[in-house]
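Chains, contacts and geometry: an overview
Chain residues, written in single-letter form:
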Amino acid sequence: MHVVVIRRDVYDRHRWVAQSLYKALLAAKEAAYESLYDTSALRFMLPWLTPQLEEARSLMGRDYWSYGVDGNRETLSTFLRYHREQGLSARQWEPEELFAPESLEAAVI
């Protein structure tokens, strides 16, 4: 749904920022998912919020707004194929080529 970019000069000076930003966005998404289930004071004016959340999860899986290449490979591949077919790119790109290599790796410190 959205793409986050890092300015080239920032990335070139601080290669670690790609993975750190990705981890921060994953943590924020997880916090947002969990806050949806806080029924002590509903954040949204939907009377059947919890059943609707459960229905979304049953239809689309727990991570229905997936981040990263793996969760979006089919969509990214289709986009890149269309891009090539429409003459917008000189060659067929792979999804991994769109992202900083550091954002494709997971490391725990």
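Figured I'd write up the structure that's included with this text.

Criteria and cut-off values
- Residues numbered from 1 in each chain as written.
- Predicted model: local features only at pLDDT ≥ 70, side-chain atom pairs only at ≥ 80, totals over all residues.
- Heavy atoms only, no water.
- Salt bridge = Lys/Arg side-chain N within 4 Å of Asp/Glu carboxyl O.
- Helix = DSSP H or I, 4+ residues; strand = E, 2+ residues; numbered from the N terminus.
- Buried < 20%, exposed > 50% of the residue type's maximum accessible area, 1.4 Å probe, protein only.
- Expected span 1.5 Å × (residues − 1).
- Core = buried A, V, L, I, M, F, W, Y, C linked by side-chain atoms within 4.5 Å.

This paragraph deals with the pattern of salt bridges. Taken as a whole and assessed by the stated rule, the structure comprises ten salt bridges. Taking the shortest distance from any N to any O, the salt bridge between Arg15 and Glu102 comes out at 3.2 Å. Separated by 87 residues along the polypeptide, Arg15 in the loop between helix 1 (8-13) and helix 2 (17-36) and Glu102 in the segment after helix 4 (73-85) bring together distant segments of the chain. Classification of Arg15 by relative accessible area gives partly exposed; the value is 38%. On the basis of relative accessible area, Glu102 is assigned to the buried category, the value being 18%. Across the pair Glu96 and Arg73 runs a salt bridge whose closest N-O atoms are separated by 2.6 Å. In this pair, Glu96 sits in the segment after helix 4 while Arg73 sits in helix 4, placing the two residues 23 residues apart along the sequence. A relative accessible area of 31% places Glu96 in the partly exposed class. Residues participating in the shared-partner salt-bridge network are Arg7, Asp9 and Arg13.

Quick look at helix 4 now. The end-to-end C-alpha separation of helix 4 is 18 Å, in line with the 18 Å expected for 13 residues at 1.5 Å each. Just beyond helix 4, the residue with positive phi is Gly87, at close to 75 degrees.

Moving on: the nonpolar core. Listed in full, the five residues of the largest apolar core are Tyr33, Leu36, Leu49, Leu53 and Tyr64. Breaking this core down by element, the ones donating at least two residues are helix 2 and helix 3 (49-60).

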